[in-house]
Amino acid sequence: MTMNNEYAIEMKHITKRFGEVVANRDINLNLRKGEILSLLGENGSGKTTLMNMISGIYYPDEGEIYVNGELVKITSPKDARDLRIGMVHQHFKLIDVFTACDNIILGDEPPKINRKQVYMRLREKYSASMKEALANKDYETRKAINKQAFREGIKTIINRRIQRDKVRFLSKKRSVRINSIAQSYGFNIDFSRKIYDMSVSEKQTVEIFKTLYKGAEILILDEPTAVLTPQEISKLFDILRKMKEDGKSIIIITHKLNEVMEISDRIAILRKGEHVGTVNKDETNEKELANLMVGEKIELNINRKMPVNAKPRLYITDLTIKNKDGTNAISNATFTINGGEILGIAGISGNGQKELLEGIAGLQKKESGEIIFHNPKENKPVTLFHKTVKQVREMAEQGFFHDPEGNKITTLKDKSNKEVEKLINDEQIIFYEDEIINLNDRTPREIQQLGIKLSFVPEDRLSMGLVGNMSIVDNMLLRSYRKGNSIFVNRKKPKALADKIIEDLNVVTPSDMTQVRKLSGGNVQKVLVGREISSSPKVLMTAYPVRGLDINSSYLIYNLLNEQKEKGVAVLYVGEDLDVLLQLCDRIVVLCGGKISGIVDARNITKEEVGLLMTKKDNTTEIGNN
């Protein structure tokens, strides 16, 4: 059975179920030859599941798939490769200890040895000699010829095996082909390097290259720009355009509307597992696409208010953090983080953002410098959970406290421990001002208990903060299990928190007991960010909190961060999108080469000025500050 041959792929009435959950319902979708089709949809809308059926990872419960007009059955990734379909997944499928070249040729079939052909050639070669020996009844000569033929046969087979091994391990012939493909599409990568030495963008390049090397004419890219810098995205799009010019058909799964409008020919939208329409890029805009994704009109505005009564929370002075190779990841960084404001961190990926946040959280060793935390305790009662009786006595001598009437407490020497405990429990000992704490000597756990939270969404989402094999509830429990007073773990509060996050952030999951690794990338991220925000932090550090999230979920996170700011929390926001940084943040610290090249007022600076600072390595400057 054949369909329209102008389409590279046609999907007819595709349905896929996982138990009671319907991931895709009666979907009709097509990809034209030589076009770039963007697949758009909210987290959990079924985009990756749909593409996994084209790439052979899943098999549809209902419906038909046509490739180049022919009805096909794709039951495995090998079937997809045979049909010249290649998919680059969100989580790369590369072997770290292999070189890029080895990963690309992995799975190639070595030349096979045809024993029959070897035998027939030898038989033809010695046929006349054998006939003559038989005619003369010269059995000794016949025996010698047989022996010689046997030796030559074995030698031929061994030589071919040696040649096969050369092809497999040295890859000389394949290296020539690899370099040829690289030149054709403008790939700039050292294929002799090990994967573990490569950046994320280089690893992604290897994955894309691998599909081309295998002869793919249809490419599927799942969130290809989620972890790339603007410069890397531009290079990737240049390569994709060259592939399109070469007649290849490309599907891109993405959430970024500006990128959809830049690279696509057509845009297909999924909503809750159903195909709600396909539109031409030239006949739509970002706002219409966002409304189609969500099913209702949404406002793409970040409600930023002016900081009210902003007070310093963290003083960072001359902070230096080294990389493993001894070079400086952060050099002499000095700035202040205020409560009641959002401080942005801008910079090209790999310029020290990750190390800066981990240094503040105590996860990275500091080479030099100081981090002073002003714990917001002014006019708040002391608690025994926060301080020991001995520490309260010492701080009283230093004038840290007053009583409820405002009288300063200068000593507690005349009180017994029991009396001091009673005063604390009756809220009779109150902080006079904020508590000043040097974080240099604190462990990560102590820093966390002070209310300094790090919500970091790394390049590999499950490498920090969440445990993939544990349920959503158990991942909530990771933050609270030490506070229990019993040998038995209390799951009531973690379960309530998990259910609240699922409801508030629209996490798509069968239940709160689902393993986190079984969720889509965007839903994993919602669980992580939601947990950190829910813990009532005093300082909240968020790195790439909307990476991989759909447009609706992204604005939900922006609103949550603004709510934290209005509560007086000091929010540190690391992001890739300069437009968002300028709309969301109050001030922006710009990093370049691990150094602060500027601290600017986000309301009074342009994207172009921030871009210039991102490539400037001299002294710190201030632009737009009042």
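Keep in mind the model is a prediction, meaning the values are calculated, not measured.

A.B. asks: What should I look at first to understand the overall build of the protein in this one?
C.D. replies: A tally of helices and strands in the protein yields 20 helices and 23 strands. When each of the 626 residues of the protein is scored for burial, the buried share is 47%. Across the protein, contacts joining residues at least 24 apart in sequence account for 68% of those joining residues at least 6 apart. Here the protein displays about 31,800 Å² of accessible surface, and carbon together with sulfur accounts for 48% of that area.

A.B. asks: Explain the pattern of salt bridges here, please?
C.D. replies: A side chain of one charge can pair with a side chain of the opposite charge when the charged atoms of the two come close. Using the criterion set out here, one finds 25 salt bridges in the structure. Here D265 and K244 are joined by a salt bridge, their closest N and O atoms 2.8 Å apart. Remark: K244 occurs in helix α8 (residues 230-245) and D265 occurs in the loop between α9 (257-263) and β9 (266-271); sequence separation between them is 21 residues. Taking relative accessible area as the criterion, K244 reaches 29% and is therefore assigned partly exposed. E435 is the salt-bridge partner of K387, the closest N and O atoms lying 2.4 Å from each other.

A.B. asks: Quick question: what am I supposed to make of unusual backbone geometry here?
C.D. replies: Where the residue is not glycine, phi is negative for most of them; where a peptide bond is considered, it is trans in most cases. Backbone geometry at E223 places phi at a positive 50°, although glycine is not the residue there. You can see E223 is positioned in the loop between β7 (218-222) and α8. One non-glycine residue with positive phi stands out, namely K272, at about 55°. Inspection of the secondary structure puts K272 in the loop between β9 and β10 (274-280). Its relative accessible area of 72% is what places K272 among the exposed residues.

A.B. asks: So what exactly am I meant to see when it comes to the environment of L528 here?
C.D. replies: Structurally, the position occupied by L528 is in helix α17 (residues 521-533). Distance in space between the C-alpha atoms of L528 and I501 is 9.6 Å, their sequence separation being 27 residues.

A.B. asks: Before we go on, may I ask you to explain the packing of helix α12 (residues 389-397) against helix α13 (residues 417-425) in this structure?
C.D. replies: Pairs of packed helices are described in terms of their axes, by the angle between the two and the distance that separates them. Close contact between α12 and α13 brings their axes to 10 Å; oriented N to C, the two are set at 80°. Classified by the angle between their axes, α12 and α13 sit roughly perpendicular to one another. Contact with α12, carried on its side by V389, V392 and R393, involves N417, V420, E421 and I424 of α13 and no other residues of that element.

A.B. asks: Is there a simple way to think about the packing of aromatic side chains in this case?
C.D. replies: For any two aromatic rings, the description comes down to two numbers: the centre-to-centre distance and the angle of the planes. The tally for this structure, following the rule as stated, stands at 4 aromatic pairs. Centre to centre, the rings of F18 and Y58 are 5.1 Å apart; their planes meet at 70°, and the pair counts as edge-to-face. Of this pair, F18 sits in strand β1 (residues 7-18) while Y58 sits in the loop between α1 (47-54) and β4 (62-67), placing them 40 residues apart in sequence. Owing to a relative accessible area of 36%, F18 belongs among the partly exposed residues under this scheme.

A.B. asks: Hey, could you run me through a nonpolar patch on the surface in this one?
C.D. replies: A cluster of nonpolar side chains, I95, V97, F98, L106 and Y196, forms an exposed patch at the surface whose accessible area comes to about 440 Å². Within the secondary structure, F98 sits in the loop between β6 (85-88) and α3 (100-105). A residue is classified by how much of its surface remains accessible, and F98, at 30% relative accessible area, is partly exposed.

A.B. asks: Can you walk me through the nonpolar core in this structure?
C.D. replies: Side chains of nonpolar character tend, in soluble globular proteins, to be buried together. Of all hydrophobic cores here, the largest spans 39 residues; its most connected members are L40, Y558, L561, Y573, L584, I588 and V610. Contacts of Y558, omitting those with residues within four sequence positions, involve I302, V546, Y573, V580 and L584. With 33 residues, the next largest nonpolar core counts A100, F187, I208 and L219 among its residues.

A.B. asks: Would you take a moment to explain the environment of M395 for this structure?
C.D. replies: Topologically, M395 is positioned in helix α12. Its relative accessible area of 11% is what places M395 among the buried residues. As for M395 and F431, which are separated by 36 residues in sequence, their C-alpha atoms are 9.8 Å apart. With near-sequence residues (within four places) excluded, M395 lies in contact with K387, F400, F401, F431 and E435.

A.B. asks: How should I be thinking about the sheet that holds strand β16 (residues 408-409) in this particular structure?
C.D. replies: What links the strands of a sheet is backbone hydrogen bonding, and the strands pair in either a parallel or an antiparallel sense. Judged by pairing direction, the sheet is antiparallel, and its 3 strands sit side by side in the order β16-β15-β17 without closing on themselves. What marks the edges here is a single partner per strand, and that holds for β16 and β17 (430-431). Looking at chain direction, strand β15 (residues 401-402) and β16 are connected through 2 bridges and run antiparallel. Within β16, the position partnered with F401 by the bridge is I409.

A.B. asks: Sorry, what's going on with α17 here?
C.D. replies: An α-helical segment advances 3.6 residues per turn. Residues three or four places apart therefore align on the same side. Under the 1.5 Å per step criterion, the end-to-end length of α17 is 19 Å for 13 residues, consistent within 8% with the ideal 18 Å. Taken across its 13 residues, α17 has 13 buried, putting it largely inside the fold.

A.B. asks: Help me understand the sheet that holds strand β12 (residues 328-339), please; the structure alone is not making it clear to me.
C.D. replies: The 4 strands are arranged β12-β11-β14-β18 in an open sheet whose pairing can be described as antiparallel. Taken across any chain shown, the strands that pair with only one partner, and hence form the sheet edges, are β12 and β18 (435-438). Neighbouring strand axes in the sheet, compared pairwise and without regard to direction, differ in orientation by 15° on average. Direction of pairing for strand β14 (residues 368-375) relative to β18: antiparallel, over a ladder of 4 bridges. Bridge pairing in β18 places I372 opposite N438.

A.B. asks: What am I meant to see in α1 here?
C.D. replies: Among the 8 residues of α1, 7 are classified as buried, and the element is accordingly described as predominantly covered. Within two residues after α1, G56 carries a phi angle of roughly 90°, on the positive side.

A.B. asks: For this particular structure, what's the right way to read the confidence of the model for the protein?
C.D. replies: When pLDDT is low, close inspection of the predicted coordinates is not appropriate. On average, residues of the protein score 81 in pLDDT, and 84% of them reach the 70 mark or higher. Counting interchain partners and residues more than four positions distant, the pLDDT-below-50 stretch residues 165-171 has 11 contacts.

The rules we used
Residues numbered from 1 in each chain as written. Predicted model: local features only at pLDDT ≥ 70, side-chain atom pairs only at ≥ 80, totals over all residues. Heavy atoms only, no water. Helix = DSSP H or I, 4+ residues; strand = E, 2+ residues; numbered from the N terminus. Buried < 20%, exposed > 50% of the residue type's maximum accessible area, 1.4 Å probe, protein only. Contact = heavy atoms within 4.5 Å. Areas by Shrake-Rupley, 256 points an atom, 1.4 Å probe, with all protein chains shown as cover. Salt bridge = Lys/Arg side-chain N within 4 Å of Asp/Glu carboxyl O. Axes fitted to C-alpha atoms, helices over the stretch in contact; angles between N-to-C directions. Parallel < 35°, antiparallel > 145°, perpendicular 65-115°, else oblique. Phe/Tyr/Trp six-rings, centres within 6.5 Å; stacked < 30°, edge-to-face > 60°. Patch = residues over 30% accessible without salt bridge, like charges linked within 9 Å, V, L, I, M, F, W, Y side chains within 5 Å. Core = buried A, V, L, I, M, F, W, Y, C linked by side-chain atoms within 4.5 Å. Pairing = 2+ DSSP bridges. Expected span 1.5 Å × (residues − 1). pLDDT = per-residue confidence, 0-100.

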